[in-house]
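Descriptive structure summary
Given next are the chains, with one letter for each unit.
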Amino acid sequence: MKMISILGATGSIGTQTLDILREHPSDFKLVAISIGKNLNLARKIIAEFQPELVSVLDYQDFNTLKAEYPAISFTHGSEGLIEAAIHPKTEILVNAVLGSVGLEPTLQAIESRKIIAIANKETLVTAGHLVMEAAKNNGVSLLPVDSEHSAIFQCIQGEKEKNIERLILTASGGSFRERTRAELEGVTVKEALNHPNWSMGAKITIDSATMMNKGLEVIEAHWLFNLPYEKIDVLLHKESIIHSMVEFHDSSIIAQLGTPDMRVPIQYALSYPDRLPLGSANRLNLAQIGKLHFQEMDFERFRSLQFAYEAGKKGGTMPTVLNAANEVAVAAFLEEKIRFLQIEDLIEKALSAHQLIDNPSLSAIQEVDKETRQYVQSLLN
Ligand code: MG
């Protein structure tokens with residue numbers, strides 16, 4: 001029986017993680033969760049899984065739930081997030097919160113020697129050097145939950161890092177893959193939220209449409225698999241059947257395939273190095289699919305991907321700026337304050353205004369994150 005903490009339990013990855021726990025009650029036990037603002041779903045999760053500790057975003061909601069469930073411990077805010085991450089009974093932390101708030105709980109959980117199932121991209125994007133070093137120093141495994149990184153992780157089992165020629169991350173192209181750049185001018189929030197293959201949260205669905213999601217994944221892959229950006233490629237593959245591939249020096253390519261279902265990579269991270277059945281997953285029927293399509297990535301059409309490669313190669317605080325500017329810009333788009341293509345403009349401005357700090361400390365990263373948000377906000381006002 002593995003003891004699990006989930007940060008972001010009511011979100012898309014969180015609820016799908018709970019599906020896995022529900023399917024394997026004798027393999028996993030939920031110990032602690034953090035939730036945002038969805039109290040109704042939180043009540044259902046508490047009733048069903050009886051976690052020992054629940055961390056709530058807001059103080060008021062914390063008081064509300066505390067009064068309702070006297071037998072359960074509650075905590076709140078960013079301290080609460082850390083408490084839920086490092087609960088003494090926890091063995092695996094599933095970090096599925098959105099944004100750079102996920103960073104500190106990850107670092108603390110690494111210090112507490114928890115296995116990290118990492119779904120929070122921003123952790124590695126903004127502080128990959130700190131996270132990987134802490135993981136190494138504490139002998140902690142970081143297990144990818146993202147479908148692409150899980151695919152790569154599965155492809156390199158039993159392989160030596162030195163034999164890898166390059167990684168090939170596949171990209172579905174998001175909700176606007178059939179559109180030219182000119183056709184993106186007037187797109188609405190509703191259109192952008194309509195992802196063809198994956199059902200995900202709002203922010204990541206917009207990131208898929210801008211291709212920033214893939215950009216963040218390239219940076220994440222750089223840290224997770226310890227490879228230079230020159231050895232990480234992106235390939236457009238609209239069916240999302242091949243979840244990513246690894247090419248080796250001898251020209252062999254190993255790919256991981258499956259129907260698009262986030263529960264598969266989530267479960268692999270939880271059951272690793274074992275595999276468990278997943279009865280409710282749709283089996284891949286290649287004969288029925290018949291054809292798979294691939295296309296080279298167009299960096300002018302998807303400028304955010306270009307920004308991500310550039311920020312990643314420059315390193316230091318650049319990826320922090322990339323991520324923070326993107327978060328503010330995407331939120332502004334979702335609130336219909338800016339047009340879709342302005343997301344890229346804001347990111348570009350933030351990147352070019354930034355003075356890079358090499359090898360930044362956690363506090364330097366947090367400071368740059370804050371300053372970038374303020375800067376982009378000032379551009380919006
Ligand atoms: Mg992904």
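Everything quoted here is computed from the prediction, not taken from an experiment. (Residues numbered from 1 in each chain as written. Predicted model: local features only at pLDDT ≥ 70, side-chain atom pairs only at ≥ 80, totals over all residues. Heavy atoms only, no water.)

**Side note on the overall build of the protein chain**
The helix and strand tally for the protein chain stands at 16 helices and 12 strands. Since a compact globule built from 381 residues should have a radius of gyration of about 21 Å, the 20 Å found for the protein chain is in line with a globular shape. Counting only C-alpha atoms and orienting by the principal axes, one finds that the protein chain spans roughly 55 × 55 × 40 Å. Relative to its 381 residues, the protein chain shows a buried fraction of 54%. Counted over contacts in the protein chain with a minimum sequence separation of 6, partners at least 24 positions apart contribute 68%. With an accessible surface of roughly 16,700 Å², the protein chain has 49% of that area assigned to carbon and sulfur atoms. Between the averaged position of the 36 positive side-chain charges in the protein chain and that of its 48 negative side-chain charges there is a distance of 3 Å. (Helix = DSSP H or I, 4+ residues; strand = E, 2+ residues; numbered from the N terminus. Rg over C-alpha atoms; globule rule 2.2 N^0.38 Å. Buried < 20%, exposed > 50% of the residue type's maximum accessible area, 1.4 Å probe, protein only. Contact = heavy atoms within 4.5 Å. Areas by Shrake-Rupley, 256 points an atom, 1.4 Å probe, with all protein chains shown as cover. Lys, Arg positive; Asp, Glu negative; His and termini not counted. Charge placed at Lys NZ, Arg CZ, Asp CG, Glu CD.)

**Brief notes about the coordination of the magnesium ion**
Perfect tetrahedral coordination of a metal by four donors corresponds to 109.5 degrees between them, and perfect octahedral coordination by six donors corresponds to 90 or 180 degrees. Distances from the magnesium ion to its protein donors, D146 (OD), E148 (OE) and E217 (OE), fall within 2.1 to 2.3 Å. Sequence spacing among the residues donating to the magnesium ion works out to D-x1-E-x68-E. A residue pair is termed long-range when its members are at least 10 positions apart, and D146 in the loop between β7 (142–144) and α7 (147–155) and E217 in helix α10 (residues 212–225) qualify at 71 residues. Residue E217 is classed as buried on the basis of its relative accessible area, which comes to 1%. (Donors = N, O, S within 2.8 Å, 3.2 Å for Na, K, Ca; no water.)

**Quick word on the sheet that holds strand β8 (residues 164–171)**
Ordered in space as β11-β10-β8-β9-β12, the 5 strands form an open sheet in which the pairing is mixed. Two strands bound the open sheet, and with one partner strand each, they are β11 (253–257) and β12 (295–296). As defined by bridge partners, strand β9 (residues 232–236) adjoins β12 across 2 bridges and the pair is classed as antiparallel. Bridged to L236 within β12 is Q295. Lying on the sheet, α10 is in contact with β8 and β9; it crosses β8 at an angle near 150 degrees. (Pairing = 2+ DSSP bridges. Axes fitted to C-alpha atoms, helices over the stretch in contact; angles between N-to-C directions.)

**As for the pattern of salt bridges**
Where side chains of opposite charge bring their charged atoms close, a pairing between them can arise. Under the criterion given, the structure shown has 24 salt bridges. Taking the shortest distance from any N to any O, the salt bridge between K203 and D207 comes out at 2.7 Å. Of this pair, K203 and D207 both sit in helix α9 (residues 202–210), separated by 4 residues, roughly a single helical turn. Judged on exposure class, the residue K203 and its partner D207 are both buried. The salt bridge involving R373 is made with E327; its shortest N-O contact spans 3.0 Å. Here R373, found in helix α16 (residues 362–380), pairs with E327, found in helix α14 (residues 318–334); they are 46 residues apart in sequence, far enough to count as distant. Residue classification places R373 among the partly exposed positions, given a relative accessible area of 23%. (Salt bridge = Lys/Arg side-chain N within 4 Å of Asp/Glu carboxyl O.)

**Some points on the side chain of T320**
Structurally, T320 can be placed in helix α14. With a relative accessible area of 0%, T320 lands in the buried category. The residues touching T320, leaving out its near neighbours within four places in the chain, are T126, I365, V368 and D369.

**Some words on the environment of E230**
By secondary structure assignment, the location of E230 is in the loop between α10 and β9. Residues E230 and A364, spaced 134 residues apart in sequence, show a C-alpha to C-alpha distance of 27 Å.

**Side note on the packing of helix α6 (residues 121–138) against α10**
At a closest axis distance of 8 Å, the pairing of α6 and α10 adopts a crossing angle of 20 degrees. Between α6 and α10, the crossing angle belongs to the class labelled roughly parallel. For the pair α6 and α10, the crossing hand works out as left-handed. Only N213, L216, E217, I219, E220, W223 and L224 of α10 make contact with α6, whose side of the interface consists of K121, L124, V125, G128, H129 and M132. In terms of residue class, the contact of α6 with α10 is built from 7 nonpolar, 3 polar and 3 charged. (Parallel < 35°, antiparallel > 145°, perpendicular 65-115°, else oblique. Left-handed = near helix turned anticlockwise from the far one by under 90°. Nonpolar A, V, L, I, M, F, W, Y, C, P; charged D, E, K, R; others polar.)

**A look at the domain arrangement of the protein chain**
Domain boundaries in the protein chain define domain 1 (2–140) and domain 2 (149–261 + 281–380). Of note, the centres of domain 1 and domain 2, computed from C-alpha atoms alone, are 24 Å apart. Listed per partner, the contact involves 18 residues of domain 1 and 25 residues of domain 2. Of the roughly 1,700 Å² buried between domain 1 and domain 2 on both sides combined, carbon and sulfur atoms contribute 65%. Considering only the side of domain 1, the residues that lose the most area to domain 2 are K121, V125 and H129, jointly responsible for 36% of the buried surface there. In this assembly, domain 1 and domain 2 are joined by 2 salt bridges. (Domains from an automatic or database assignment. Buried area = accessible area lost by both parts, 1.4 Å probe.)

**Quick notes on the nonpolar core**
With 116 residues, the main nonpolar core has L167, L270, L322, F340 and I343 as its most contacted residues. When residues of this core are assigned to their parent elements, the largest contribution, 9 residues, is made by α14. When residues of this core are assigned to domains, at least three map to each of domain 1 (2–140) and domain 2 (149–261 + 281–380). For L270, the residues in contact, after removing those within four places along its chain, are K2, I4, T17, I20, L21, F28, I92 and V94. (Core = buried A, V, L, I, M, F, W, Y, C linked by side-chain atoms within 4.5 Å.)

**So, the packing of α14 against α16**
Direction vectors running N to C along α14 and α16 enclose 40 degrees, while the axes themselves pass 8 Å from each other. For the pair α14 and α16, the sense of crossing is right-handed. Across the interface between the two elements, T320, V321, A324, A325, E327, V328 and A332 from α14 touch I365, V368, D369, T372, R373, V376, Q377 and L380 from α16. Here the residues of the contact of α14 with α16 are counted per class, giving 9 nonpolar, 3 polar and 3 charged.

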